[in-house]
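Architecture at a glance
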Amino acid sequence: MNLAHHLARAAATRPDAPALARGDRVVASYAAMGLRVARVAAGLRALPGIAPGARVAIVMANAPVYAELFYACWWAGLAAVPVNAKLHAREIAFILDHSQADVVFVSAESAELVANAAREMDRAVPVIDVGSADFAALGRADAMAMWQTEADDLAWLFYTSGTTGRPKGAMLTHRNLLAMTTSYFLDIDPPQPGGTQIHAAPLSHGSGLYMLPSVAQGNCQLVPESGHFDPAELFDLFAIWPQVSMFAAPTMVKRLVDHPDAARASIDSLRVIVWGGAPMYVADIKAAIARFGYRFAQLYGQGESPMTITGMTRATLEAFARAGDDAALASAGSAQSVVQLRIADASDASLPVDTIGEILVRGDSVMKGYWRNPGATASALAGGWLHTGDVGSLDARALLTLRDRSKDLIISGGSNVYPREVEEVLLRHPAVAECSVIGIPDADWGESVLAFVVAREHGVVDAAALDRLCLENIARFKRPKTYRFLDALPKNNYGKVLKTELRVLAKQT
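Described below are features of the structure shown in this document. (Residues numbered from 1 in each chain as written. Predicted model: local features only at pLDDT ≥ 70, side-chain atom pairs only at ≥ 80, totals over all residues. Heavy atoms only, no water.)

As for the overall build of the protein
Cut-off, in case you're wondering: By the criteria applied, helices consist of DSSP H or I runs no shorter than four residues and strands consist of E runs no shorter than two, each listed in order from the N terminus. Residue exposure (1.4 Å probe, protein chains only): buried if accessible area is under 20% of the type maximum, exposed if over 50%, otherwise partly exposed. Note on definitions: a residue-residue contact is assigned when non-hydrogen atoms from the two residues lie within 4.5 Å.
Looking only at helices and strands, one finds 18 helices and 24 strands in the protein. Based on the C-alpha atoms only, the size of the protein along its principal axes is roughly 65 × 60 × 50 Å. Relative to its 509 residues, the protein shows a buried fraction of 57%. When contacts within the protein are restricted to residue pairs at least 6 apart in sequence, those whose partners lie at least 24 apart make up 69%.

Okay, here's the thing in structure tokens:
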């Protein structure tokens with residue numbers, strides 16, 4: 001079934017319900033959104049070279065038109081390729097090249113960024129500004145009938161960085177995303193029609209994924225006027241809109257709790273904040289509950305099994321909190337209904353309860369594979385199970401506790417930073433002999449990036465030079481916040497850098 005069916009159903013059953021909003025105003029009903037999506041879909045299919053299965057890249061900050069583009073892609077039988085607009089131009093260029101994007105949609109804020117990316121690309125790709133006459137013309141096309149997709153047709157090409165420093169495109173099909181939508185209702189947040197989904201986190205990732213179950217319910221998709229996360233603005237929106245739901249990274253939840261307006265904010269209409277992207281400290285969970293009540297649910301997932309590995313509903317989390325069960329609160333919940341989960345050793349053999357190993361998952365939500373990367377696909381899906389690369393354990397209650405991230409992923413402010421990607425940039429400096437990057441606890445961002453650097457003999461390098469190098473090559477949020485200069489990196493007998501020792505050094509101020 002085509003994902004756009006949910007929009008068509010909402011347009012038919014709730015035509016006058018608000019579908020899209022910006023700040024404090026509705027910009028489209030479901031009837032209007034459905035008609036516009038069918039027209040933009042037709043306009044897309046009329047573009048040169050656009051046939052079923054074509055990739056449509058979206059490089060924009062959050063805006064109501066973002067949602068229209070998603071559904072227009074699916075309505076037309078095309079694949080959406082959302083790209084984080086905070087990335088560096090070179091990173092965007094790689095994704096556009098690798099995805100073989102057939103057209104790119106931008107906004108006024110991202111147009112220059114994509115123009116810079118185009119200069120780094122090996123191929124030309126048409127770019128359409130959503131504020132232009134060309135885009136307006138797409139919306140004037142005669143509405144087309146929804147394309148009849150197959151369950152395993154590509155719907156979303158989800159780019160997630162890998163340990164090699166090169167992003168990989170997880171191929172998410174209509175089947176995968178329909179399974180995710182179903183699991184949301186079963187395992188995270190039961191259906192609540194007539195509500196509002198606020199998109200303060202990027203629509204290119206988690207918030208965009210959770211747009212799907214919200215549209216399936218016929219709820220309003222609301223983008224803050226600022227287009228991003230701002231606690232004061234969100235408190236104002238909580239007071240205006242009904243039955244508010246929101247996806248947030250743990251650091252966003254913490255910023256809401258700590259904001260001066262939190263104590264006097266009107267939160268009667270705040271129904272649920274679903275956190276994901278990283279575990280939350282138990283102390284932070286308790287502080288959030290103390291401030292906002294039992295309005296939280298959580299999940300653990302990856303782009304390869306979108307938002308769909310484990311979870312915990314509001315009711316479950318409340319029960320654990322009232323019982324004082326800190327071990328359960330510290331967990332990532334239990335396996336969602338559409339997946340099987342097990343803990344395995346290095347040979348993929350299942351491990352017993354309370355034994356630490358790699359988290360393996362299979363089910364209808366697990367990706368089809370990596371786009372144009374058969375080697376990585378074979379490795380990730382070996383034996384029919386998604387090898388997450390994350391380390392954890394299951395207790396006797398089938399609660400998953402994340403113990404470590406074997407890929408050394410750093411999550412800073414809800415955004416993923418992979419150490420090797422940063423290390424490769426730092427090593428471009430002629431005076432840098434070696435470097436190693438780790439994440440360290442950060443009260444504001446969850447984790448921040450720390451780089452240990454060894455200079456070449458007689459080489460001269462300072463933090464300012466390395467900062468400039470990073471800003472020229474990777475996104476601002478990925479650059480190290482702190483640099484530590486060493487005479488040598490600690491290594492084992494095989495020459496592997498001992499990051500455990502580096503983490504000890506990091507604590508020594």
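Re helix 16 (residues 419-426)
Counted residue by residue, helix 16 has six buried out of eight residues, so it is predominantly covered. Turning to helix 16, its buried residues number three or more, namely Pro 419, Glu 421, Val 422, Glu 423, Val 425 and Leu 426.

A few points about the packing of helix 4 (residues 89-98) against helix 5 (residues 111-118)
We apply this condition: Here the axes come from fitting lines to C-alpha atoms, over the contacting stretch only for helices, and the angles between their N-to-C directions go from 0 to 180 degrees. Roughly parallel means an angle under 35 degrees; roughly antiparallel means over 145; roughly perpendicular covers 65 to 115; every other angle is labelled oblique. Take the far helix as your reference; a near helix turned counterclockwise from it by less than a right angle gives a left-handed crossing, and one turned clockwise gives a right-handed crossing.
Look at helix 4 against helix 5: their axes get within 8 Å of each other, and the N-to-C directions meet at 70°. With respect to helix 5, the axis of helix 4 lies roughly perpendicular. The element helix 4 and its partner helix 5 pack so that their crossing is right-handed. Counting all contacts with helix 4, which are made through Ala 89, Ile 92 and Ala 93, the residues of helix 5 involved are Leu 113, Asn 116 and Ala 117.

Points about unusual backbone geometry
With a phi angle near 55°, Gln 100 is a residue other than glycine that sits in the positive phi range. Summarising the element assignment, Gln 100 is placed in the loop between helix 4 and strand 5 (103-106). For Gln 100, a relative accessible area of 32% corresponds to the partly exposed category. At Met 307, a residue that is not glycine, the phi angle is positive and equals roughly 60°. Note that Met 307 resides in strand 14 (residues 305-312). Given the relative accessible area of 8%, Met 307 is considered buried.

Thoughts on the nonpolar core
Cut-off, in case you're wondering: The criterion is simple. A nonpolar core is a set of buried Ala, Val, Leu, Ile, Met, Phe, Trp, Tyr and Cys residues joined through side-chain atoms within 4.5 Å.
Ranked by size, the top nonpolar core spans 124 residues in total, and within it Tyr 71, Trp 74 and Phe 105 carry the most contacts. For this core, the element with the highest residue contribution is helix 3 (residues 64-75), accounting for 10 residues. Of all hydrophobic cores here, the second largest spans 25 residues; its members include Ile 92, Val 104, Met 121 and Leu 154.

What about the sheet that holds strand 1 (residues 18-22)?
As a reminder, the rule being used: In this scheme, strands are said to pair when DSSP sees at least two bridges between them.
Strand order across the open sheet formed by nine strands is 2-1-10-9-11-12-13-14-15, with mixed pairing between neighbours. The two strands at the open ends of the sheet, each matched to only one other strand, are strand 2 (25-29) and strand 15 (334-335). Bridge count between strand 11 (residues 244-248) and strand 12 (residues 270-275): five bridges; the pairing is parallel. When the sheet's bridge partners are listed, Ser 245 is paired in strand 12 with Val 272.

A short note on the pairing of strand 1
Of all five residues that make up strand 1, four are buried, and the element is covered over most of its length. Summarising the sheet, strand 1 and strand 2 pair through four bridges and their orientation is antiparallel. Bridging from a neighbouring strand, Pro 18 pairs with Ser 29 of strand 2. Connecting strand 1 to the antiparallel partner strand 2 that follows it, the hairpin turn spans two residues, and Gly 23 within it adopts a positive phi of roughly 65°. Where strand 1 and strand 10 (residues 220-223) come together, three bridges link them in parallel fashion. Across the sheet, Leu 20 pairs through a bridge with Gln 221, a residue of strand 10.

Quick word on the side chain of Ser 204
Note the cut-off: Pairs of N or O atoms are called polar contacts if they sit within 3.5 Å, as long as, within protein, a hydrogen donor faces a hydrogen acceptor (for residues adjacent in sequence, only side-chain-to-side-chain pairs).
Mapping Ser 204 onto the fold places it in the loop between strand 9 (196-198) and helix 8 (206-209). What makes Ser 204 buried here is its relative accessible area of 4%. A distance of 2.8 Å separates a polar atom in the side chain of Ser 204 from a polar atom in the side chain of His 205.

What to know about the pattern of salt bridges
Using the following cut-off: What counts as a salt bridge is simple: a side-chain nitrogen of Lys or Arg found within 4 Å of a carboxyl oxygen of Asp or Glu.
All chains considered together, the criterion is met by 19 salt bridges. For the salt bridge of Arg 36 with Glu 68, the shortest nitrogen-to-oxygen distance reads 2.9 Å. Of this pair, Arg 36 sits in helix 2 (residues 30-45) while Glu 68 sits in helix 3, and the two are 32 residues apart along the sequence. Residue Arg 36 is classed as partly exposed on the basis of its relative accessible area, which comes to 27%. Arg 271 serves as the salt-bridge partner of Asp 189, at 2.6 Å between the closest nitrogen and oxygen. Placement of the pair is Asp 189 in the loop between helix 7 (174-188) and strand 9 and Arg 271 in strand 12, with a sequence separation of 82 residues. In this pair, the class of Asp 189 matches that of Arg 271, namely buried. Each member of the salt-bridge network shares a partner with another, and the members are Glu 91, Glu 421 and Lys 478.

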